[in-house]
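Residue-level structure breakdown
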Amino acid sequence: MITIENLSKSYGDKIILENITLNLKKGKVYGIVGENGAGKTTLFNCISGLEKHSGTISCEYGNPKTSLGYLQTEPYFFSNITGMEYLSLLCNARNIEPINSIEKNIFDLPLNEYANNYSTGMKKKLAITALLLQENKFFILDEPFNGVDIHSNMIITEIIQQLKRLEKTILISSHIFSTLNETCDEIFLLKNKTINMRVKKEEFGILENELKEFSIGNRISKLNLK
């Protein structure tokens, strides 16, 4: 289990997150939704140790940095590193034995080419592959479906389901509600700097309707489309 208690984050006088408390269990997939700028990525950065914050984070796996696979919205790659070298680098970081990258190349990526020249979707698929090869216990996936083709989205969805069966803990953000509906056990709404709502699977429809009402409202009618 990962326990987050009273996590808050500010930049100077600007409060971004305030008193976030979550309990994330093994074998569960959690989604987090919110408007652009609500603080989802900042929360992920705090949990992963990339940003300082107040409050506490405890993880039964020990230091989250040694067991966390964090997929950022835009994965970073060193220049002049091939896809194959990137996979080896991240495996070495976890002291994982050398891998058969060709066999495990489930997205059919051009591993001998420079990763920096990959398309946005290919970069994301390479980063996901590397995190899986690290044998992490806890995964944070920031917009894993964004910019990825439909075929790969199906693969990623099945990967998440398999990680759940393996008793991993997964936290996902997505602007595509249907992907969360398909994969998550519980969804958190991040609004007004804190977790505003927690919804179990049987109530996802209520949350979706609330998001539609808030996001759309009467905006479309204002266009007076003809």
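Read on for an overview of the structure. From a predicted model like this one, the values you see are computed outputs, not experimental measurements.

1. Some remarks on helix H4 (residues 150-165)
Between the first and last C-alpha of H4 there are 23 Å, a value that for 16 residues agrees with the 22 Å anticipated at 1.5 Å per step. When we look at burial in H4, the residues that qualify are Ser152, Asn153, Ile156, Thr157, Ile159, Ile160, Gln161 and Leu163. Tucked inside the fold, the buried residues of H4 contact strand S3 (28-33), helix H3 (120-133), strand S6 (138-142), strand S7 (169-173) and helix H5 (177-183). Measuring from the backbone nitrogen of His151 back to the side-chain oxygen at the start of H4 gives 3.2 Å, which picks out Asp149 as the cap. Glu167 lies just past H4 and shows a positive phi near 70°.

2. With respect to the packing of aromatic side chains
In the structure shown here, the tally under the stated rule is four aromatic pairs. With a centroid separation of 5.7 Å and 10° between ring planes, the pair formed by Tyr30 and Phe188 is classed as stacked. One end of the pair, Tyr30, is in strand S3; the other, Phe188, is in strand S8 (residues 186-191), with 158 residues separating them in the sequence. For Phe188, a relative accessible area of 2% puts it in the buried group.

3. Focus: the nonpolar core
Tyr86, Leu126 and Ile187 are the most contacted members of the largest nonpolar core, which totals 39 residues. If near-sequence neighbours (up to four positions away) are discounted, Ile187 is found in contact with Gly31, Val33, Phe177, Leu180, Met197, Arg198, Val199, Phe204 and Leu207. Listed in part, the 25 residues of the second largest apolar core include Ile2, Ile16, Leu24 and Cys46.

4. Remarks on the pairing of strand S9 (residues 194-200)
With six bridges connecting them, S8 and S9 associate as antiparallel partners. Bridging from a neighbouring strand, Lys191 pairs with Thr194 of S9. Counted between consecutive antiparallel strands, the loop separating S8 from S9 contains two residues, among which Asn192 sits at a positive phi close to 55°.

5. Let's talk about the side chain of Ser173
For Ser173, the location among the structural elements is in strand S7. Relative accessible area serves as the criterion here: at 0%, Ser173 is assigned to the buried category. Once residues within four sequence positions are removed from consideration, Ser173 is found in contact with Ile32, Lys40, Phe44, Leu141, Asp142, Glu143 and Pro144.

6. Re the sheet that holds S3
An order of S5-S6-S7-S3-S8-S9 is seen for the six strands of this open sheet, with the pairing classed as mixed. Looking at the sheet topology across the chains shown, the edges are occupied by strand S5 (68-71) and S9. Sheet twist, expressed as the average angle between the axes of neighbouring strands with direction ignored, equals 15°. Bridge analysis of S5 against S6 gives four bridges, and the strand direction is parallel. By the bridge assignment, Gly69 is partnered in S6 with Phe139. The strands touched by H3 within the sheet are S5 and S6, with S5 carrying the most contacts at an inclination of about 175°. Packing of H4 onto the sheet brings it into contact with S3, S6 and S7, and relative to S7 it is tilted by some 150°.

Definitions and limits used
Residues numbered from 1 in each chain as written. Predicted model: local features only at pLDDT ≥ 70, side-chain atom pairs only at ≥ 80, totals over all residues. Heavy atoms only, no water. Helix = DSSP H or I, 4+ residues; strand = E, 2+ residues; numbered from the N terminus. Expected span 1.5 Å × (residues − 1). Buried < 20%, exposed > 50% of the residue type's maximum accessible area, 1.4 Å probe, protein only. Contact = heavy atoms within 4.5 Å. Polar contact = N/O pair within 3.5 Å; in protein donor to acceptor, adjacent residues only side chain to side chain. Phe/Tyr/Trp six-rings, centres within 6.5 Å; stacked < 30°, edge-to-face > 60°. Core = buried A, V, L, I, M, F, W, Y, C linked by side-chain atoms within 4.5 Å. Pairing = 2+ DSSP bridges. Axes fitted to C-alpha atoms, helices over the stretch in contact; angles between N-to-C directions.

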